[in-house]
Amino acid sequence: FAVRMHRSDKYFGHFPAQNSAVFISHTPETANIEKLSKSSVDIATISMSQLQEATSHKLNTAQNQNIVWVMELSDNFSNELRRALLLSFNRSVYSGDLAVGFSAAYSFFPSTITSENLNNVGMPVYNINQAKKLFSAAVKKYPDKKLPTTTLIYYNSPEIQLAVSNIVGHWQNNLGAYINIQPSSSLNDIKSGLYNGTYSIAIYPITITDSDPTVFCHLLGYDYSRSSNKSLSTVQSNILSQYTLMPIAFENSVVSYSNEIIDFNYSLGNGMIDFAYITKD
């Protein structure tokens, strides 16, 4: 949750800009529909599951594809084991069960931040036979000749839960990889757990905060200072070649607003709301 304010260098009117007021508060999304319907607020973020409810209250809505769900595999797993899991990763096992506002991601970069089609660029090609061989060789190196007790931690979102179950079920049925799943409501706990080795696998969202795709690359952990080639196709290929990060799904953020709001702009490519030209009737 962030607010970015700066002076505009694009105003060339004959009259000086007049100060106005924007009051911003942060409350659970579940309460926002009620506040909007009672005119307590004019604009509010809502979840995709509340989209129909907002429409029933005759509220306007706007969507922006600015969230990327990723799966991260930690160094707890060898490169061989990570390759096995990702070579057996098949989006068809969960894409049909994604909620409204979600879509399977074949790239890290949605069309809202780049016009370049990066679908499948550098992506591991599904190969279940090779995955089985790699998995079998990898688990034989453990003392019990099997995958140690492993938990996949995921950010607690009802819309992604079934997809997570399908992914784990596919691994179990095809590789014999028995992996538990556990939700978490804290992104900080998920990321710190990956860093300190508590978790070996995690699925979590990354929010795009700037229309410049290079900013998002840093959120993906890509260090430009170590690379001479900064094309997005190369960036994606380099990230995927490590077998540690895989795009899972894109998610739309949703904002609802009253009919009194005019010139609402939510198409900046970064999920931010531009208040420069918004007026209230």
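Please read these numbers as outputs of a predicted model, since none were measured by experiment.

Okay, the overall build of the chain next. Along the backbone of the chain there are 8 helices and 9 strands. Put simply, of all contacts in the chain between residues at least 6 apart along the chain, 73% involve residues at least 24 apart.

Moving on to the packing of aromatic side chains. For the coordinates displayed, the defined rule picks out 5 aromatic pairs. Three or more aromatic residues joined by ring pairs make a cluster, and in this case those are W69, F102 and Y155. In this structure, R91 is placed above the aromatic ring of Y106, and the distance from its NZ or CZ to the ring centre is 5.1 Å.

According to the stated counting rule, one finds 3 salt bridges in the structure shown. For the salt bridge of E34 with K38, the shortest nitrogen-to-oxygen distance reads 2.8 Å. You can call K38 exposed: its relative accessible area is 58%. Residue E80 is joined to K141 by a salt bridge in which the shortest nitrogen-to-oxygen separation is 3.4 Å.

Okay, the side chain of Q65 next. Among the structural elements, Q65 can be located in strand 2 (residues 60-73). What Q65 contacts, discounting residues up to four positions off in sequence, is S103, P110, S111, T112, F250, E251 and N252.

Volume-wise, the second largest pocket comes out at about 160 Å³. Every residue lining the second largest pocket is listed: E72, L73, S74, D75, N76, L194, Y195, G197 and T244. Elements that contribute at least two residues to the lining of the second largest pocket include exactly strand 2 and helix 6 (187-196). Of the residues belonging to the lining of the second largest pocket, the class tally is 3 nonpolar, 4 polar and 2 charged.

The subject of this paragraph is unusual backbone geometry. Excluding glycine, a negative phi dihedral is what most residues carry, and trans is how most peptide bonds are arranged. With a phi angle near 60°, S39 is a residue other than glycine that sits in the positive phi range. In this fold, S39 is placed in the loop between helix 1 (32-37) and strand 1 (43-46). Phi is positive for Y243, close to 55°, though the residue is something other than glycine. Examined against the element boundaries, Y243 turns out to sit in the loop between helix 8 (232-240) and strand 7 (245-257). Residue Y243 is classed as buried on the basis of its relative accessible area of 17%.

Moving on, we get to the nonpolar core. Grouped together as the largest cluster of nonpolar side chains are 65 residues, with contacts concentrated most on M71, F108, F109, L152, W171, I201 and F216. Looking at this core element by element, the count peaks at 7 residues for helix 5 (residues 158-175).

Relative to the 16 Å expected for 12 residues at 1.5 Å per residue, helix 4 (residues 128-139) spans 16 Å between its end C-alpha atoms, a close match to the ideal helical length. Where helix 4 is concerned, the buried positions are I128, A131, L134, F135, A138 and V139. What you see down the axis of helix 4 is that its buried residues fit within an arc of 120°, all on one side. Exposed and facing more than 90 degrees away from the buried side of helix 4 are N129 and K133.

On strand 1, burial follows the alternation: A44 and I46 on one face are buried, whereas I43 and T45 on the facing-out side are not. With 4 bridges connecting them, strand 1 and strand 7 associate as antiparallel partners. Within strand 7, the residue paired with A44 across the bridge is S256.

About the thresholds
- Every chain is numbered on its own, with residues counted from 1 as its sequence reads.
- Confidence filtering applies because this is a predicted model: local features only for residues at pLDDT of at least 70, side-chain atom pairs given and counted only at 80 or more, and all residues used for totals across whole chains, interfaces and linings.
- Derived side-chain values reflect all non-hydrogen atoms in the structure, with water molecules and hydrogen atoms excluded from consideration.
- Working definition: helices are DSSP H or I runs of at least four residues, strands are E runs of at least two. Numbering for both runs from the N terminus.
- The contact definition used throughout considers only heavy atoms, calling two residues in contact when any of these lie within 4.5 Å.
- Pairing of aromatic rings covers Phe, Tyr and the six-membered ring of Trp, with a centre-to-centre limit of 6.5 Å; geometry is then stacked below 30 degrees between planes, edge-to-face above 60, and tilted otherwise.
- Note on geometry: a ring has a charge over it if NZ (lysine) or CZ (arginine) is within 6 Å of the ring centre and within 35 degrees of the ring normal.
- The salt bridge definition used is simple: a Lys or Arg side-chain nitrogen within 4 Å of an Asp or Glu carboxyl oxygen.
- To sort residues, take the accessible area from a 1.4 Å probe on protein chains only and compare it with the maximum for the residue type: under 20% means buried, over 50% means exposed, and anything in between is partly exposed.
- As defined here, a cavity is a set of points on a 1 Å grid over the protein atoms alone where a 1.4 Å probe fits but cannot get out. A pocket is an open set with protein on both sides within 12 Å along at least five of seven lines, and residues line them when an atom is within 4 Å of a point.
- Grid points are joined across faces, edges and corners, and a volume is the space filled by probe spheres set on the points.
- All residues other than Ala, Val, Leu, Ile, Met, Phe, Trp, Tyr, Cys, Pro, Asp, Glu, Lys and Arg, Gly among them, are scored as polar; the first ten of these are nonpolar and the last four charged.
- In plain words, nonpolar cores are sets of buried Ala, Val, Leu, Ile, Met, Phe, Trp, Tyr and Cys residues tied together by side-chain atoms within 4.5 Å.
- Helix span is expected to be 1.5 Å times the residue number reduced by one.
- This arc describes the spread of directions from the helix axis toward the C-beta atoms.
- One bridge is not enough; two strands pair if DSSP finds at least two bridges between them.

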